[in-house]
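Below are the chains, spelled out letter by letter.
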Amino acid sequence: AGPGQAAMYAGLQELGVANGEDLKETLTNCTEPLKAIEQFQTENGVLLPSLQSALPFLDLHGTPRLEFHQSVFDELREKLLERVSAIALEGKVEERYKKLEDLLEKSFSLVKMPSIQPVVMCVMKHLPKVPEKKLKLVMADKDLYKACAVEVKRQIWQDNQALFGDEVSPLLKQYILEKENILFSNDISVLHNFFSLSPKTRRQGEVVQKLTQMIGKNVKLYDMVLQFLRTLFLRTRNVHYCTLRAELLMSLHDLEISEICTVDPCHKFTWCLDACIREKFVDNKRARELQGFLDGVKKGQEQVLGDLSMILCDPFAINTLALSTIRHLQDLVGQDTLPRESPDLLLLLRMLSLGQGAWDMIDSQVFKEPKMEAELITKFLPMLMSFVVDDHTFNVDQKLPSEEKGPIPYPSTIPEAFTKFLQENRIACEIGLYYILHITKQRNKNAFLRLLPALVETFSDLAFSDIFLHLLTGNLTLLGDEFTLEEFCTSLFDGFFLTACSRKENVHRHVLRLLLHLHHKVAPAKLESLQKALEPTKQSGEAVKELYNQLTEKLELRKPSPAEVTETPSMELPLPTVPTPASR
């Protein structure tokens, strides 16, 4: 018997059951093989007196004994599996688990026998606490570990963080990759962007579902995953880990896993914020609720601010808070109210500030809310409101009958303070960028070109971050017709994008994405110079080269073929006059 055969009979000898090896030995040492086989069949067959007379019928029908025994075996195994699942639900807790433990003790030696393995695995699956010794044996054997149910794996993982980390790590990598694929997707649209999916839809994603299943109701495993996410966020500064932190908690919330939700101090805050993200707006009622949670952080429990800041650092939360801030500012213009007089606006800024300070807080382990700079509220936000007023004034001026002095030009300069705020204050920069997205979405070309120079140097290069560029490229499709104008393209490409292309590969990718979408609008001369400027270098990554090749192919298709070019003059010859058909 080869190794495959040996596995088939693994563990039978320990139970005193004859196996293939025994039969081989019997046949090797006997004088009458046929008699020996018959005796072996009698001793090891199904011991039912009524069966002995029925078996010859099967022989008459040409049914091999193997087929018969196999079908009996399969039937019995199904019954046993059903019985194990039933035992796990009936009687007193101690009794039912005692039965299952006894059964495991008897059957475990057969765990490597493929035909019996499902039964052993089923018994372990239903035991809330598999004996340590058995878990160690399963863990030590790659095949057994792979074959056991997630319920058993959880028991192994909770005391083996490294092993659990090995299982979770590829999922986290996959998650980040999926987010980046959306941000760099070739489909550029203002309607379908990174933030279009509802929170509920996002939580149905493969990674979140797998992690939810791996955790089950196990608080220890949940804590481990949160620890992995914190560590990775610290190591990489990648904010998508913050999204996963919130999605995972809300996925457990959807399944009503109170064992975990009640012990996560962020649960109710995240639940309330999740509703705001769904609406893409923080309304007054929810604002009060969120404020209540923040004000309710007690002395000695400040550490929860680290978790809350990570929940608020999720790009979906930042997006919601920033959009709500812009909406509030517009409302304040209409109400003649200053930002400092609006408690709702101040709360939004407080949450933005907490979210943006997440990395520093977790890194320093100093758990207190970041101090808000007064100038953000007294100078920067009123400046943004003045831009809104400039637009209103300009629009009204355009509608008034023009007098001799001619039309009033759109203000082209920006206050130096605005540029300085964008460079030095993170919250001001985030709100400023969202204001620029807002005017682009409104197709306000004048305001866009006025503020664009301020984006070249921003706090920690936020204007060249993937999320902002993903949203900006989407919104720019609404200004598609402006790309025919040399001046607009020079401001946008030479004045902004190309200033960072050579030092930031992601910017290079976003510009190529935009051109793939809008190349047919750009003036040919400008397109040619852009094609030269965007040519990949030796250091460029595969993604840039691939996008550049796609763009080159598209532009080749647009060029008239040489045959067409040479034939054009012939069109200038006088055409023969065609007699008009006589009207009938």
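Residues numbered from 1 in each chain as written. Predicted model: local features only at pLDDT ≥ 70, side-chain atom pairs only at ≥ 80, totals over all residues. Heavy atoms only, no water.

As annotated in an unreviewed UniProt entry, the protein is NELFB factor from Pluvianellus socialis.

Caption draft 1: Fine view of the overall build of the protein. Counting secondary structure elements, the protein contains 32 helices and 0 strands. Buried residues in the protein amount to 43% of all 584 residues. Within the protein, contacts between residues separated by at least 24 positions form 71% of all contacts whose residues are at least 6 apart in sequence. (Helix = DSSP H or I, 4+ residues; strand = E, 2+ residues; numbered from the N terminus. Buried < 20%, exposed > 50% of the residue type's maximum accessible area, 1.4 Å probe, protein only. Contact = heavy atoms within 4.5 Å.)

Caption draft 2: Looking closely at the packing of aromatic side chains. Enumeration according to the criterion identifies 17 aromatic pairs in this entry. Plain terms: the ring middles of phenylalanine 195 and phenylalanine 316 are 5.0 Å apart, the flat faces sit at 85° to each other, and that makes the pair edge-to-face. Residue phenylalanine 195 is found in the loop between helix 11 (161–183) and helix 12 (199–202), and its partner phenylalanine 316 is found in helix 20 (residues 315–335); the two are separated by 121 residues along the sequence. Of the two residues, phenylalanine 195 and phenylalanine 316, neither departs from the other in class, the shared state being buried. Joined through ring pairs, the aromatic side chains of Phe448, Phe464, Phe483, Phe488, Phe493, Phe496 and Phe497 make up one cluster. (Phe/Tyr/Trp six-rings, centres within 6.5 Å; stacked < 30°, edge-to-face > 60°.)

Caption draft 3: Geometry of the side chain of histidine 328. Within the secondary structure, histidine 328 is located in helix 20. The exposure class assigned to histidine 328 is buried, which follows from its relative accessible area of 11%. If near-sequence neighbours (up to four positions away) are discounted, histidine 328 is found in contact with Asp344, Leu345 and Leu348.

Caption draft 4: Summary view of the confidence of the model for the protein. Overall, the prediction assigns the protein a mean pLDDT of 87, with 85% of residues at 70 or greater. Looking over the protein, one finds the lowest element-wise mean pLDDT in helix 32 (residues 562–567), namely 50, and the highest in helix 15 (residues 240–254), namely 98. Taken together, the stretch residues 565–576 has pLDDT below 50 and engages in 1 contact with residues farther than four places along the chain or on a different chain. (pLDDT = per-residue confidence, 0-100.)

Caption draft 5: Quick look at empty space enclosed by the protein. Within the structure shown, the criterion is met by 3 cavities of 30 Å³ or more. The volume enclosed by the largest cavity comes to roughly 100 Å³. Taken together, 13 residues line the largest cavity, and the ones lying closest to its centre are Ala246, Met250, Asp274, Ile277 and Asp314. Looking at the lining of the largest cavity residue by residue, the classes come out as 6 nonpolar, 2 polar and 5 charged. (1 Å grid on protein atoms, 1.4 Å probe; cavity = no way out; pocket = protein on both sides within 12 Å on 5 of 7 lines; lining within 4 Å. Points joined across faces, edges and corners; volume = space filled by probe spheres on them. Nonpolar A, V, L, I, M, F, W, Y, C, P; charged D, E, K, R; others polar.)

Caption draft 6: Structural context of the layout of surface pockets. Computed from the structure, the second largest pocket encloses a volume of approximately 840 Å³. In terms of lining residues, the second largest pocket is bounded by 32 residues, among which Arg237, Val239, Arg426, Leu462 and Ser465 are the most central. Contributing elements (two or more residues each) for the lining of the second largest pocket: helix 11, helix 14 (219–236), helix 20, helix 21 (343–356), helix 22 (358–364), helix 25 (426–441) and helix 27 (466–476). Its residues placed into classes, the lining of the second largest pocket shows 15 nonpolar, 9 polar and 8 charged.

Caption draft 7: Inspection of the pattern of salt bridges at higher detail. All told, the structure shown has 25 salt bridges when counted by the stated rule. The partner of lysine 521 in a salt bridge is aspartate 481, and the shortest N-O contact between them spans 2.9 Å. Remark: aspartate 481 occurs in the loop between helix 27 and helix 28 (486–501) and lysine 521 occurs in the loop between helix 29 (505–518) and helix 30 (524–533); sequence separation between them is 40 residues. Its relative accessible area of 56% is what places aspartate 481 among the exposed residues. The partner of lysine 526 in a salt bridge is aspartate 494, with the nearest N and O atoms 2.6 Å apart. With a gap of 32 residues between them, lysine 526 in helix 30 and aspartate 494 in helix 28 connect regions that are remote in the sequence. The exposure class of lysine 526 is buried, given its relative accessible area of 6%. On the basis of relative accessible area, aspartate 494 is assigned to the partly exposed category, the value being 37%. By sharing partners, the salt bridges in this structure join Arg230, Arg245, Asp264 and Asp307 into a single network. (Salt bridge = Lys/Arg side-chain N within 4 Å of Asp/Glu carboxyl O.)

Caption draft 8: Looking closely at unusual backbone geometry. Of note, the phi angle at lysine 280 is positive, near 55°, even though the residue is not glycine. The topology assignment puts lysine 280 in the loop between helix 17 (267–279) and helix 18 (284–295). The phi dihedral of aspartate 461 is positive, around 55°, even though this residue is not glycine. With respect to the helices and strands, aspartate 461 occurs in the loop between helix 26 (445–451) and helix 27.

Caption draft 9: Structural context of the packing of helix 18 against helix 21. The N-to-C vectors of helix 18 and helix 21 enclose an angle of 50°; their axes lie 10 Å apart at closest approach. With respect to each other, helix 18 and helix 21 are oriented oblique. Here helix 18 runs over helix 21; the crossing is left-handed. Across from Asn284, Ala287, Arg288, Leu290, Gln291, Leu294 and Asp295 in helix 18, the residues of helix 21 making contact are Asp344, Leu347, Arg350, Met351 and Leu354. Residues of the contact of helix 18 with helix 21, tallied by class, amount to 6 nonpolar, 2 polar and 4 charged. (Axes fitted to C-alpha atoms, helices over the stretch in contact; angles between N-to-C directions. Parallel < 35°, antiparallel > 145°, perpendicular 65-115°, else oblique. Left-handed = near helix turned anticlockwise from the far one by under 90°.)

Caption draft 10: Summary view of the environment of isoleucine 436. Note that isoleucine 436 resides in helix 25. Taking C-alpha positions, isoleucine 436 is 8.0 Å from leucine 452, a pair spaced 16 residues apart along the chain. Those residues in contact with isoleucine 436 that sit more than four places away from it in its chain are Phe448, Leu451 and Leu455.

Caption draft 11: Local environment of helix 27. The element helix 27 is extensively covered by neighbouring structure, given that 10 of its 11 residues are classed as buried. For helix 27, every residue scored as buried is listed here: Ile467, Phe468, Leu469, His470, Leu471, Leu472, Thr473, Gly474, Asn475 and Leu476.

Caption draft 12: Up close: a nonpolar patch on the surface. Residues Leu27, Leu34 and Ile37 make up a contiguous nonpolar surface patch of roughly 270 Å² in combined accessible area. Its place among the elements puts leucine 34 in helix 3 (residues 33–44). Residue class for leucine 34 comes out exposed when judged on its relative accessible area of 70%. (Patch = residues over 30% accessible without salt bridge, like charges linked within 9 Å, V, L, I, M, F, W, Y side chains within 5 Å. Areas by Shrake-Rupley, 256 points an atom, 1.4 Å probe, with all protein chains shown as cover.)

Caption draft 13: A look at the environment of glycine 216. On the secondary structure map, glycine 216 appears in the loop between helix 13 (206–215) and helix 14. For glycine 216, a relative accessible area of 11% puts it in the buried group. Along the sequence, glycine 216 and glutamate 151 sit 65 residues apart, while their C-alpha atoms lie 8.1 Å from each other. Among residues more than four places away in sequence, those in contact with glycine 216 are Arg154, Leu252, Ile257 and Ile260.

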